[in-house]
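Structure at a glance
Below, each chain spelled out in residue letters.
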Amino acid sequence: MSSLQAQIEERGERIFDLVDRHPESIFSKAGFYQRMMALSMRDEHFKVQMFRFVDVLASLRRSGDIVQHLGEYFADMRDGLAPVVHTGVRLARIVPWLSSMVLRRNVSGMARQFIAGKNPDDVMKTLRKRRQQDIGFTVDLLGEAVVSEKEADAYAARCSELLERLARETRGWTDPVGKNRELFPVVNLSVKISALYSQMNPADPAGAIAHLAPKLRPILRRARELGAFINFDMESYAHKNTTLELFKILCTEAEFNDWPHAGIVIQAYLRDAEADLRDLIEWGRARGTRFTVRLVKGAYWDYEKIKSRQNGWDYPVYLQKPESDVNFEALTRVLLENQTIVTAAFGSHNVRSIAHAQALAEELGIDRSRFEFQFLYGMAGPIKRALVEMGYRVREYCPVGELLPGMSYLVRRLLENTSNEGFLRAKFSEHVSAAQLLRDPNELVNGKLWPGSPTPATTPNRKPDGYAPEDGASLAAPHDDIYENSPLMNFVYKESQEQMQAALRDVRNRFGRKFPLVINGEKIWTDKLTPSVNPSAPNEIVGYAAEAGIPEAERAVKAARDAFGKWSRTPFEERAQLLERAAAILDRRRYELSALEVFEVGKSWAEADGDIREAIDFCHFYAYQMRLIGRPRLTQQVPGEESYQHYWPRGVALVIAPWNFPMAILCGMVSAALVTGNTVIMKPSEQSLNIGAMLMEIFEEAGVPPGVLNFLNGRGSVIGAHLVDHKDVDLIAFTGSREVGLRIWESAGITRPGQRELKRVVCEMGGKNPVIVDSDADLDEAIVDSIYSAFGYQGQKCSACSRLIVLEENYDRVLERLLSAAASLRVGNPEEPGIMVGPVIDEAAYKRIQDYINIGKGEATLAYQAKAIPGKGYFIAPTIFTGVQPNMRIAREEIFGPVLSVIKVRDLDEAIEVANGTDYALTAGFFSRSPANIEHAKAEIEAGNIYINRSCTGAVVGRHPFGGFKMSGGGTKAGGEDYLLQFLLPRVVTENIMRHGFAPEETAPHRDEFLWPPR
Ligand SMILES: Cc1cc2nc3c(=O)[nH]c(=O)nc-3n(C[C@H](O)[C@H](O)[C@H](O)COP(=O)(O)OP(=O)(O)OC[C@H]3O[C@@H](n4cnc5c(N)ncnc54)[C@H](O)[C@@H]3O)c2cc1C
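A brief structural summary. (Residues numbered from 1 in each chain as written. Predicted model: local features only at pLDDT ≥ 70, side-chain atom pairs only at ≥ 80, totals over all residues. Heavy atoms only, no water.)

**Some words on the layout of surface pockets**
The cut-off we apply is this: A pocket, in this scheme, is an open set of points on a 1 Å grid over the protein atoms alone with protein on both sides within 12 Å along at least 5 of 7 lines, while a cavity is a set where a 1.4 Å probe fits but cannot get out; residues line either one if an atom lies within 4 Å of a point. Grid points are joined across faces, edges and corners, and a volume is the space filled by probe spheres set on the points. Going along the chain from the N terminus, every DSSP run of H or I of four or more residues is numbered as a helix, and every run of E of two or more is numbered as a strand. Asp, Glu, Lys and Arg are counted as charged, while Ala, Val, Leu, Ile, Met, Phe, Trp, Tyr, Cys and Pro are counted as nonpolar; the rest, among them Gly, fall into the polar class.
The calculated volume of the second largest pocket comes to roughly 1200 Å³. Phe 734, Gly 736, Ser 737, Glu 739 and Val 740 are, among the 42 residues lining the second largest pocket, the residues nearest its centre. With six residues, helix H28 (residues 738-748) is the single largest residue contributor to the lining of the second largest pocket. Of the residues in the lining of the second largest pocket, the class split is 18 nonpolar, 12 polar and 12 charged.

**Let's talk about unusual backbone geometry**
Even without being glycine, Asn 180 reaches a positive phi, approximately 55 degrees. Note on placement: Asn 180 falls in the loop between helix H8 (149-169) and strand E2 (188-191). Positioned with a positive phi, Phe 896 is a non-glycine residue whose angle comes to about 60 degrees.

**Details of the site of the ligand**
Operational definition: For this description, a residue counts as near a given molecule or strand if any of its non-hydrogen atoms is within 4 Å of it. Polar contact criterion, stated in full: a pair of N or O atoms within 3.5 Å, where within protein one must be able to donate a hydrogen and the other to accept it, and residues adjacent in sequence count only if both atoms are side-chain atoms. Accessible surface area values rest on a Shrake-Rupley calculation with a 1.4 Å probe, where residue burial reflects the displayed protein chains alone.
Neighbouring residues of the ligand: 31 residues in total, closest Gly 298, Ser 324, Ser 348, Glu 416 and Phe 423. Separating an oxygen atom of the ligand from a side-chain N or O atom of Gln 267 is a distance of 2.8 Å. With respect to the ligand, the side chain of Arg 294 contributes an N or O atom lying 3.0 Å from a nitrogen atom. Against a free-state accessible area of 950 Å², the protein chains account for coverage of 94% of the ligand. Elements with a contribution of two residues or more to the shell around the ligand: strand E4 (262-267), strand E5 (291-296), helix H13 (321-337), strand E7 (372-376) and helix H16 (403-418). Considering only residue class, the shell around the ligand consists of 13 nonpolar, 10 polar and eight charged.

**Points about helix H29 (residues 779-791)**
For clarity, the threshold we go by: A helix is expected to span 1.5 Å multiplied by its residue count minus one. When checking whether two residues touch, look at their non-hydrogen atoms; a contact exists if any pair is within 4.5 Å.
Taking 1.5 Å as the rise per residue, H29 with 13 residues should run 18 Å; its terminal C-alpha atoms sit 17 Å apart, in good agreement. Of the surrounding secondary structure, the elements contacted by the buried residues of H29 are strand E21 (769-773), strand E22 (801-807), helix H30 (808-823), strand E24 (879-882), strand E25 (899-905) and strand E27 (923-927). Its side-chain oxygen 3.0 Å from the backbone nitrogen of Asp 780, Asp 778 forms the N-cap of H29.

**Some points on the pairing of E21**
Heads up, the condition is: Whether a residue is buried, partly exposed or exposed follows from its accessible area with a 1.4 Å probe, protein chains only, as a fraction of its type maximum: under 20%, in between, or over 50%, in that order. By definition, two strands form a pair when at least two bridges between them are found by DSSP. By the criterion used throughout, a crossover qualifies as right-handed when its path from the first strand across the helix to the second strand runs clockwise, the strands pointing away from the viewer.
The buried fraction of E21 amounts to five of the five residues, a majority that puts the element mostly inside the structure. Alternating positions in E21 separate into two faces, Asn 769, Val 771 and Val 773 on one and Pro 770 and Ile 772 on the other, with burial throughout. Bridge count for E21 against E22 is five bridges, and the pairing is parallel. Looking at E22, one finds that Pro 770 is bridged to Arg 803. What joins E21 to E22 is H29, and the crossover it makes is right-handed. Judged from the three bridges that link them, E21 and E27 form a sheet pairing that is parallel. Residue pairing across strands places Val 771 opposite Gly 925, the latter belonging to E27.

**A look at the environment of Leu 742**
Within the secondary structure, Leu 742 sits in helix H28. Residue Leu 742 is classed as partly exposed on the basis of its relative accessible area, which comes to 32%. C-alpha of Leu 742 to C-alpha of Glu 764: the two residues are 22 residues apart in sequence and 10.0 Å apart in space. Residue contacts for Leu 742: discarding those within four places in its chain leaves Met 765 and Met 967.

**Digging into the packing of helix H7 (residues 120-132) against H8**
Inclusion rule: Helix axes are fitted only over the stretch in contact, all axes being lines through C-alpha atoms; the angle between N-to-C directions runs from 0 to 180 degrees. An angle below 35 degrees is treated as roughly parallel, one above 145 as roughly antiparallel, one from 65 to 115 as roughly perpendicular, and anything else as oblique. Definitions for this section: a left-handed crossing has its near helix turned counterclockwise from the far helix by less than a right angle. A right-handed crossing has that turn clockwise.
Two elements in contact, H7 and H8, have axes separated by 11 Å at closest approach and are oriented at 40 degrees. Taken together, the axis directions place H7 and H8 in an arrangement best described as oblique. In terms of crossing hand, the pair formed by H7 and H8 is right-handed. Contacts from Pro 120, Asp 121, Met 124, Leu 127 and Arg 128 of H7 reach H8 at Leu 162, Arg 165, Leu 166 and Glu 169.

**Points about the environment of Lys 558**
Position of Lys 558 relative to the elements: it lies in helix H21 (residues 550-568). On the basis of relative accessibility, which here comes to 54%, the residue Lys 558 falls in the exposed class.

**Some thoughts on the packing of H8 against helix H9 (residues 205-226)**
Put simply, H8 and H9 touch, their axes get as near as 10 Å, and they point 0 degrees apart. On the basis of their axis angle, the class for H8 and H9 is roughly parallel. Packed against H8, whose contacting residues are Glu 149, Ala 152, Asp 153, Ala 156, Cys 159, Ser 160, Leu 163, Glu 164 and Ala 167, the element H9 presents Lys 215, Ile 219, Arg 222, Ala 223 and Leu 226 at the interface. Among the residues forming the contact of H8 with H9, the class breakdown is eight nonpolar, one polar and five charged.

**So, the pattern of salt bridges**
Filter applied, for reference: The salt bridge definition used is simple: a Lys or Arg side-chain nitrogen within 4 Å of an Asp or Glu carboxyl oxygen.
According to the stated counting rule, one finds 70 salt bridges in the structure shown. The salt bridge involving Asp 728 is made with Arg 756; its shortest N-O contact spans 2.4 Å. Of this pair, Asp 728 sits in the loop between helix H27 (716-724) and strand E19 (731-735) while Arg 756 sits in the loop between H28 and strand E20 (760-764); the two residues are 28 residues apart in sequence, bridging distant segments of the chain. Judged by its relative accessible area of 12%, Asp 728 is buried. One salt bridge in this structure joins Glu 843 and Lys 847, with 3.3 Å as the shortest N-O distance. Pair noted here: Glu 843 and Lys 847 are both in helix H31 (residues 843-859), with a separation of four residues, about one helical turn. A relative accessible area of 41% means that Glu 843 is categorised as partly exposed. Several salt bridges converge on common partners, so that one network encompasses Arg 510, Arg 513, Arg 589, Glu 592 and Glu 697.

Structure follows, in structure tokens:
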């Protein structure tokens, strides 16, 4: 055993000895909280329900509501828990007021375990008590989710007030350790950076810093005057780089450059942590003034893992608990070895991590008064006491605030205390031995932590064999051929930001490019060019494409018809591979294509990247689906006869796409038609013809044969209408407006002379999408997601929310937060990374939306309209109307712009009636924390895509097959497993295989394709 390990064990055992003299009460068997924790640790389902119930409780005002939620969350508890829980639920139904009072009291009691005070008065009592115990403090104001600048400003003001108050009330307090006290001011405030700015966007650290710095400067300035300390807390990974950068920038400013009382957090569960810490130390040395680092493992492990999985990102966190422990120790060494410039604060409840820091400090000859241990209020009480007794400096992190904003903090603490892998549970609940708890974490990587704990997950994003069901693969998929979504670009990384900036410059330098039509593989120029302009600056022409007339349309139909014979007999595997090659090219050119979308259709960075990602996904998904359905499949096993069902392509497909998802929708419809063996005439929207031309280039590079895909730019009213009516067009895949969609639907129903097939129309149109906010909804989420759904991409997504239906009980609270959140949106040119709302697509859209705003002003109340919008370009101010009645035009007609109608309703039944009361059924959203209401909404809302407790936009291929019904579409689902069937004709071939009473016993479930002539 190394001498360091021996030292760690000795110190660890000493701490345990002291700890065992004062057992940890929160893990004892008495009390409501203790019983809830014990049940949670026994039963995962109970734990989930309990945490959800705690989460909603603070927002419920009536006894009846509390009892109703209690029943909904716990009525179906499994047998083991039945007696306790069922009795509680039954009792509550009999005496609701009493039960809800008791429940509230108990849950408040639970929160009080972790929240040091409701207000500054309250918290001072706690701080005074701790002072008697020689424990210092850092105070944290609860309330992390701010949805608007109004809320962010209020948080900043509360921080300043608290600082004054703490300084006043602690005048005369001395340092409990005495030595090196200049490093550790008595007053210490922890600040949550995201609570100071509501529009944090990882792609735009500079923009965030420009907003955050002016809010923080007065706080830092005052802290300096008062001799106080400010700590920048660390939150989710998305904000990490911005927080680090902000800290360095502010602390290097002349005013703060020689101020040693600022600190920041490093999270050891992050793979980047060591690089960040070393960078900070280098910065600190160059600055020449001390600073502090609070080293923690990190509080958002589950969140980071879920988020990364959803977006296909590499996990930023370690996946094995001992890896975080090992890293904590490695970072402890870095901190202590650099103690001449950085003061270490170790934020851990783990005795092994603590003992390691103590032993290492001793080995390095660092006096124990030069660093400190920090603990959370309400946790690990006996360990705090033990360290004080051993002469170490101990500081407690004391959250202050009301229950409601404190809920997410409370739930994080409950999770931490009940975590399978957490130290506190192992020590105080599972009573794991000291020897086990003090083992070197290096030995535990890839092994079990303690007896009974699960073997840690070793897999990062992908398993070596490529099968990664966690990554969004379809559940029914065979293991050897799995569909995976392409990852979204993660603009948290500086390299991604720089690549996007570079792509924007490159694309701008190539403005004015001209693209030909492509028919039968030939580049065709006509005497007319269609320009496509930048909606943010309409005097800028992004590019041109040759404009087709009727003769070119005719040539394209002939080319597609001629190419059909061979393409339809090309094995599906070759066709699938064409799509995969196209996907690879899309991926290679991803930044360039995203940049082009920013200019040509006014998308923000993330929206543009999402569109390219979706196009890549369509290629992979349809290739994958084609492989599933491509081989003829035996219909039934019956002796003497074999019947195989398979599919033929329909013929020539006309694809007419919109500009709002200029690559994804175009590529989705084209790739579905191609992979199924149809030949295609692709007509992009006139507003996004550059992107359409790019897709043609990409398919040409991928090797699409001449005539199989033809690129025809032109006016919908001319060539679109001509082709829709053409006798040689067999299928029309259309996404766009209701007006054009219905015309196509109708026209395709007419059979023309010489026409071979009944035309199939795949038709996706718009929506008037509702989002319902229930009376118990989590408003932090409901507001942010509704704002995003309504104003993301300027409300020009067919899935965008245009009606917010709010239950009257909640109406005032929702409205107040909604309006201030809208007022905080950044409107501008989306070339800038932090912009959320850009321009609408063109002048016609601009005028149409303005007309609707005028109609709204006549019909309802204009509750909000942004004022600061750019002067040139097609910018429309985000607009909110209230007092909207369901029968008003702004509540019924599709506006396709940043205009939101808010409708007040009595109850959920009325909300659903209003939601269903339009001609459309595309998407819908519902925010609620009532399991029964959620089930009700799931069953009753008329929409093709229903989203509960999340935004109603952003469908992911394969995960959220997309498309609606009623006047929103023909019931097809892009990105769904039955989509390709729309492009195919089913065919069954039956053969009698009996000869003179003899037949094979079994017939193969699949056979090779029927391809003649064979190749
Ligand atoms: C005073 C104080 C301030 C804090 N401030 C912050 C802050 O600003 N930001 C922040 O993010 N955290 C902060 N934390 C940390 C956080 O709240 C947890 O308390 C801390 O991570 C628990 O670690 P531990 O060493 O006490 O316990 P342990 O039980 O030893 O470790 C638990 C931790 O290990 C990590 N972990 C769990 N499972 C895995 C796994 N499978 N793979 C990899 N790692 C895993 C997680 O970080 C988890 O929290 C703070 C903690 C304290 C005490």
